[in-house]
Amino acid sequence: MGTAASAFALAACGTSTAAPAPVAPAAGGAGGGVAAASTATPRCTTADLEVLLGKPAEKNDAPGQYDIPLTYRNTTDHTCGLYGVPGVDLVGPDDATFGPVYHLPRIDNGVKYNEVTAGTTASATITVLKPAPGEPAWTPAKLNTIPPGSTSALTARWPADLPVLRQDAATHPGSYVNGILADPA
């Protein structure tokens, strides 16, 4: 039983791309084990998804910070798994100090596992800090996002009226991306 529990714990962590080895039943019994890897729902890939940015909304508890829904829609005819924290790069004019790309930090606060059926969505939230009067304004033209578990990006236009305060070197920046959440049906 300890071997089965260990194999399950490793499989549940999702930190490895290798499938867990099947667990043999205990001698003389028909013990249960880890479900075969072939029955697991495959992870969504960039080719399975389209990305949409929602309307920015100022946070009630943090004036100057805005939440923007980052929604992924499954465009296939099959179910796929979408969970973890997406990569998000804001791309805009060349900043003299930081360059044209702002790599947003990731906050792993989403669901541990999520299945997205054909035609449905799952979302993450991008939180950005707008510059205060007198602070340098930088307005991205677009965002590139890499869904968790993928290696290629999807692109969406950035809202032209939402500048972002660049805090590339900050320990606790006001701009970041949150983990994927299941959208209500």
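It should be noted that the structure appears before, not after, this text.
A.B. asks: I'd like a description of the environment of Ala-57, backed by residues and values.
C.D. replies: Along the chain, Ala-57 turns up in strand 2 (residues 57-58). Separated by ten residues in the primary sequence, Ala-57 and Asp-67 place their C-alpha atoms 5.4 Å from one another. Dropping the residues within four chain positions of it, Ala-57 is found in contact with Gln-65, Tyr-66 and Asp-67.

A.B. asks: Tell me about the environment of Pro-140, and please be specific about residues and values.
C.D. replies: Mapped onto the fold, Pro-140 is located in the loop between strand 9 (121-129) and strand 10 (142-146). Linking Pro-140 and Val-164, residues 24 residues apart in sequence, is a C-alpha distance of 7.6 Å. If we skip the residues at most four places from it in the chain, Pro-140 touches Leu-90, Val-91, Gly-92, Trp-158, Leu-162 and Val-164.

A.B. asks: Describe the packing of aromatic side chains, and please don't skip the residues or the numbers.
C.D. replies: Summed over the entire model, instances satisfying the criterion amount to two aromatic pairs. Considering the side-chain rings of Tyr-83 and Tyr-113, the 4.9 Å spacing of their centres and the 45° angle between planes classify their relative orientation as tilted. Residue Tyr-83 is located in the loop between strand 4 (80-81) and strand 5 (87-95), and its partner Tyr-113 is located in the loop between strand 7 (106-107) and strand 8 (115-116); the two are separated by 30 residues in the primary sequence. When its relative accessible area of 41% is taken as the criterion, Tyr-113 is described as partly exposed. Considering the side-chain rings of Tyr-102 and Trp-138, the 6.5 Å spacing of their centres and the 75° angle between planes classify their relative orientation as edge-to-face. Placement of Tyr-102 in strand 6 (residues 99-103) and of Trp-138 in the loop between strand 9 and strand 10 is noted, with a sequence separation of 36 residues between them. Across the pair, exposure class does not vary: Tyr-102 and Trp-138 are buried alike. Geometry around Tyr-83 places Arg-43 over its ring, the cationic atom sitting 4.0 Å from the centre. The ring of Trp-138 carries Arg-166 above its face, with NZ or CZ at 4.3 Å from the centroid.

A.B. asks: Give me the lowdown on the nonpolar core, citing residues and values where you can.
C.D. replies: With 28 residues, the main nonpolar core has Leu-90, Ile-126 and Val-128 as its most contacted residues. Secondary structure elements with two or more residues in this core: strand 1 (49-53), strand 3 (65-74), strand 5, strand 9 and strand 11 (154-157). The residues touching Ile-126, leaving out its near neighbours within four places in the chain, are Leu-53, Tyr-66, Asp-67, Ile-68, Leu-70, Val-88, Leu-104, Leu-143, Tyr-176 and Val-177.

A.B. asks: Please set out the pairing of strand 3 residue by residue, giving values where relevant.
C.D. replies: In terms of burial, strand 3 is a largely internal element, seven of the ten residues being buried. Across five bridges, strand 1 lies against strand 3 in antiparallel orientation. Looking at the pairing, Glu-50 lines up with Arg-73 of strand 3. With two bridges joining them, strand 2 and strand 3 adopt antiparallel strand pairing. Paired with Ala-57 across the strands is Asp-67, a residue of strand 3. From the end of strand 2 to the start of strand 3, which pair antiparallel, there are six residues, and Gly-64 there has a positive phi angle of about 90°. Two elements, strand 3 and strand 9, share nine bridges in a ladder whose sense is antiparallel. Of the residues in strand 9, the one forming a bridge with Tyr-72 is Ala-122.

Here is what the cut-offs are and how they apply
Residues numbered from 1 in each chain as written. Predicted model: local features only at pLDDT ≥ 70, side-chain atom pairs only at ≥ 80, totals over all residues. Heavy atoms only, no water. Helix = DSSP H or I, 4+ residues; strand = E, 2+ residues; numbered from the N terminus. Contact = heavy atoms within 4.5 Å. Phe/Tyr/Trp six-rings, centres within 6.5 Å; stacked < 30°, edge-to-face > 60°. Buried < 20%, exposed > 50% of the residue type's maximum accessible area, 1.4 Å probe, protein only. Lys NZ or Arg CZ within 6 Å of the ring centre and 35° of its normal. Core = buried A, V, L, I, M, F, W, Y, C linked by side-chain atoms within 4.5 Å. Pairing = 2+ DSSP bridges.

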